[in-house]
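Here's the letter readout for the chains.
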Amino acid sequence: MVASACLTLAAIHLLIWSMNRAAWANLLFSLSALATAALAGCEYWMMRAQTPAEYATALRWHHIPIWVIFVTTVGFVLVHLRAGRRWLAWTVCALRTLSLLLNFTVGQSLQYLEITHLRSIRFLGESVSGAVGVRNPLLLIGQVSALLWLVFLADAAAAVWRRGERRQAAVGGTIAFFALATTVQAVLVFGQVIAAPFAASPFFLAVIAAMGYELTREVLRTAQLSVSLRESEERMTLAADAAGFGIWMWESARNRLWASERGRHQLGFTSGEPLSIPAMLQHIHPDDREAVHRGLKLAGEAMGEWRAEYRVPLPDGTYRWIVARSRMYPDAASGMPARMLGVTVDITARKTAEQALEMQRDELVHLARITTLNEFSNSLAHELNQPLAIILTNAQAAQRLLAQTPPDLAEARDILADIVSEDQRAGEVIRRLRSLLKHGQSQLLPLSVNTIVEDALRIAHSELIGRGITVHTALAASAPKIAGDRIQLQQVLLNLILNACEAMAANPPASRHLTLASAHNGGIIRISVSDTGCGLPSDAESIFKPFYTTRKDGLGLGLSICRSIVTAHHGRLWAEAHGAAGHSLGAAAARPAATLHLELPAVT
Amino acid sequence: MPAEGTVFLLDDEPGMVKALTRLLKAEGYAVRAFTSAKAFLESYQPQALGCLVLDVAMPEIDGMELQRRLTRSGALLPIVFLTGHGDIPMSVQAIKAGAEDFLTKPVNDADLLRAVRAALQRAALQCELIAETALLQRRHSTLTVREREVMAHIVAGELNKVAAARLGVGEHTIKVHRARVMEKMGVESLADLVRAAERLGLETPADPNED
């Protein structure tokens, strides 16, 4: 009965251990139970022994399960209850092992040097065998080990109690109590104090029961945990769903990908399609796939965090924008990468809005540019007219020279060369105009600020003459290049020039001075546009606000768009007032009233 | 045949100056070209016979400003304006201020040459006029005080008798003075004498009825 109960418990916990190799307590318990079953067998053998020799053999063999029980209970206390002194544990195991060795080498067993005869004992209404013989003095070692075992168990139980884990302490106490009972019984039986057969297995069964109770609770708790885990997972999925998050997890050891329903959908999986990392990558837009793959791999190896925005093409030809975030978690025991937990969010709406905004911004910048160019239309027409006028006059002069006798061929040749260069100049004006009118996405290329200043001055040339403005330039030699969109930066400069012109409209012609300067300091390049005009409002910043204008027909977007262009270039645009008004005559006429500074970072 | 005189050219665009020079030289004109008003003013002699082909839009001193300065200094230099984008008010202003012509670039050679020829002719005419006036002034200065008085009364259209009464002399004396005046002023008829007086800007004697 004891044996079958123990075998059943052993089988159950062996099964548990086989499913979870980390559950050492279950293995130890199984071994204890098996040993107790074996012990029960040996005891039954001893009770039924007919000869002293048979009894002695049974007695000898029963030390093996005893040894196993000692070692496994010590192990159980150490592993499961996480209590007990290690040195005591080692001493108990060492002494017990020594007892086992002596048991097989000295006399007939650890108890008897020699069993002289058997006697019949009445036990539970039956007649069983007991031994009478010469006692082995080395039994003391076994008894010391048993005593230390008791001390170890009691000490461990007390430690657990002190730790406040009352239930575990009770289990430890029970184990200690029945161990004590077994030991006392053994001492009494083998000291022939009482006439009873050696029967430790029922006590051990109680020990096993106590251990079993503890472990069964553990099993039940695990089951409960799994239920609450599932509930918590459901709650989390629900919350994630409500927030629009998809969640997914990848276990590296088993290469298994799991995802919540929304996660599956966001990753591009159809319902019922098996989840896997290669399939997940396959669902990503080909342009983004490589980057995602690389990022995932890197995060997996470095156990870091990974974030990516990528597209998942949809059957209708559009695509979904996904932002994915994940982190690799290490295995608790080995510290190796084990699980990657990830969250996905559909950001298509945000991306679409961003793109629409970008397009609107481009549109506005373009519109502002056309407005600016409109201001320079006279200037541009003149720039184009000039070479055409030169070409006409040259051509007509040539006609006359060729009509002479003899024709002046040398001069005619010079004229043709001039016509060619003037024509190229006209072409250049048209090219510049077309590029300014062009509607394209901004592209950043290395540029020289001086070239931008000179180009802008070329466009504004006739306008400035027409307005009677004297232009001064102070351009820095060999300034480093900046990364910028040539057209947009020209637009900014044209606007600044135009604003300066407007500010000086009320000045007498002799005091209309425009100064364009460039300078560089470290990695920063500055362009300054100064004028001798009417100065700035007291709140100089206000000129950059949208719809700020001093003109009746102005939209007031020029400078605000200029600032947005400069900001997009990682630069700064600000205004500086110089105090004294620029209207004064004489030498001070060229003293600026206001300067607009434009700073851009150099290309590194 | 090109008209007499120098064509002064002033445009801030060197290419334009070069082309215009070629065209005018091909027509046999003497050309002096400048690319800034300052350079032109430095070398210009007011008595030189010629005309100015002038670009309106120039930095610092522009065409209109230069015209003003020349007028102020009393220079009689006919100006042919050239402009890239001439508007009507500007051309009206220029013509009112005495410009010979106002042409828009690109300018046709025939138009330009016609304007230049006309400007030079006017310059020549003005020169002649100036010389004539100078001669008359010289002659007028040789008259005695009495002769000048008599001349004033005659050109005012008074009969000898009336003039004699107003000057308090005999009619014969007036006749003698009148002959001396005609002779000294180098005129044949009363009409010529009146024109000479006009040219000299002489004042007519005060009307006694106004006293």
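Presented here is an overview of the structure given in this document.

What counts as what
- Residues numbered from 1 in each chain as written.
- Chains lettered and ligands numbered in written order.
- Predicted model: local features only at pLDDT ≥ 70, side-chain atom pairs only at ≥ 80, totals over all residues.
- Contact = placed C-beta atoms within 7 Å.
- Helix = DSSP H or I, 4+ residues; strand = E, 2+ residues; numbered from the N terminus.
- Nonpolar A, V, L, I, M, F, W, Y, C, P; charged D, E, K, R; others polar.
- Buried ≥ 20, exposed ≤ 12 C-beta atoms within 10 Å, placed from the backbone.
- Arc of directions from axis to C-beta.
- Core = buried A, V, L, I, M, F, W, Y, C linked by C-beta atoms within 7 Å.
- Pairing = 2+ DSSP bridges.
- Axes fitted to C-alpha atoms, helices over the stretch in contact; angles between N-to-C directions.
- Parallel < 35°, antiparallel > 145°, perpendicular 65-115°, else oblique.
- Left-handed = near helix turned anticlockwise from the far one by under 90°.

Points about the interface of chain A and chain B
- Opposite the 24 residues of chain A that make contact, chain B presents 21 residues.
- Elements that contribute at least two residues to the side of chain A that touches chain B include exactly helix H12 (377-403), helix H13 (409-437) and helix H14 (449-466) of chain A.
- No other element matches H12 of chain A, which puts 15 residues into the side of chain A that touches chain B.
- Its residues assigned to classes, the side of chain A that touches chain B comprises nine nonpolar, 11 polar and four charged.

Focus on helix H3 (residues 63-72) of chain B
Residues and elements named next belong to chain B.
- Listing the buried residues of H3 in full gives Gly-63, Leu-66, Gln-67 and Leu-70. Relative to the axis of H3, the buried residues are bounded by an arc of 105° and lie together on one face. Opposite the buried face of H3, by more than 90 degrees, sit the exposed residues Arg-68 and Arg-72.
- Packed against the buried residues of H3 are helix H2 (37-43), strand S3 (50-55), strand S4 (79-83) and helix H4 (88-96).
- Positive backbone phi, approximately 80°, marks Gly-74, located one or two places after H3.

Section: the nonpolar core
- Of all hydrophobic cores here, the largest spans 66 residues; its most connected members are Leu-39, Tyr-55 and Leu-153 of chain A.
- Broken down by secondary-structure element, the contributors of at least two residues to this core are helix H1 (2-19), helix H2 (24-47), helix H3 (52-79), helix H4 (86-105), strand S1 (112-123), helix H5 (139-162), helix H6 (166-190) and helix H7 (201-243) of chain A.
- The element that contributes the greatest number of residues to this core is H2 of chain A, accounting for 14 residues.
- When near neighbours in sequence (up to four residues on either side) are disregarded, Leu-153 of chain A contacts Val-77, Gly-172, Ile-175, Ala-176 and Ala-179 of chain A.
- If you look at the next biggest cluster of nonpolar residues, it comprises 47 residues, including Leu-401 of chain A together with Val-17, Phe-34 and Cys-51 of chain B.

Quick word on the sheet that holds strand S2 (residues 30-34) of chain B
All names here are of chain B.
- One open sheet accounts for five strands, arranged S2-S1-S3-S4-S5; its pairing is parallel. Every interior strand has two partners, whereas the edge strands, S2 and strand S5 (101-104), have only one. Across the sheet, the mean angle separating the axes of adjacent strands is 20° when strand polarity is ignored.
- Summarising the sheet, S3 and S4 pair through four bridges and their orientation is parallel. Among the inter-strand pairings, Val-53 is bridged to a residue of S4, identified as Val-80.
- Where helix H5 (residues 109-141) meets the sheet, it contacts strand S1 (6-10), S3, S4 and S5, and its direction lies at approximately 135° from that of S3.

So, the packing of H2 of chain A against H3 of chain A
Residues and elements named next belong to chain A.
- Contact geometry of H2 with H3 gives a least axis separation of 8 Å together with a crossing angle of 160°. When the axis of H2 is compared with that of H3, the two are roughly antiparallel. Pair H2 / H3 crosses with left-handed handedness.
- Its residues assigned to classes, the contact of H2 with H3 shows 21 nonpolar, six polar and one charged.

Let's talk about the sheet that holds strand S11 (residues 513-521) of chain A
Residue and element names in this part refer to chain A.
- The strand order across the open sheet formed by five strands is S9-S11-S12-S14-S13, and the pairing between neighbours is mixed. Both edges of this open sheet fall to strand S9 (470-474) and strand S13 (572-577), since each of them pairs with a single strand only. Averaged over all adjacent pairs, the angle separating strand axes in this sheet is 15°, with direction ignored.
- Relative to strand S14 (residues 594-601), S13 runs antiparallel, the two sharing six bridges. Paired with Trp-574 across the strands is His-597, a residue of S14.
- Across the face of the sheet, helix H15 (residues 486-503) comes into contact with S11, strand S12 (524-531) and S14 while running at roughly 25° to S12.

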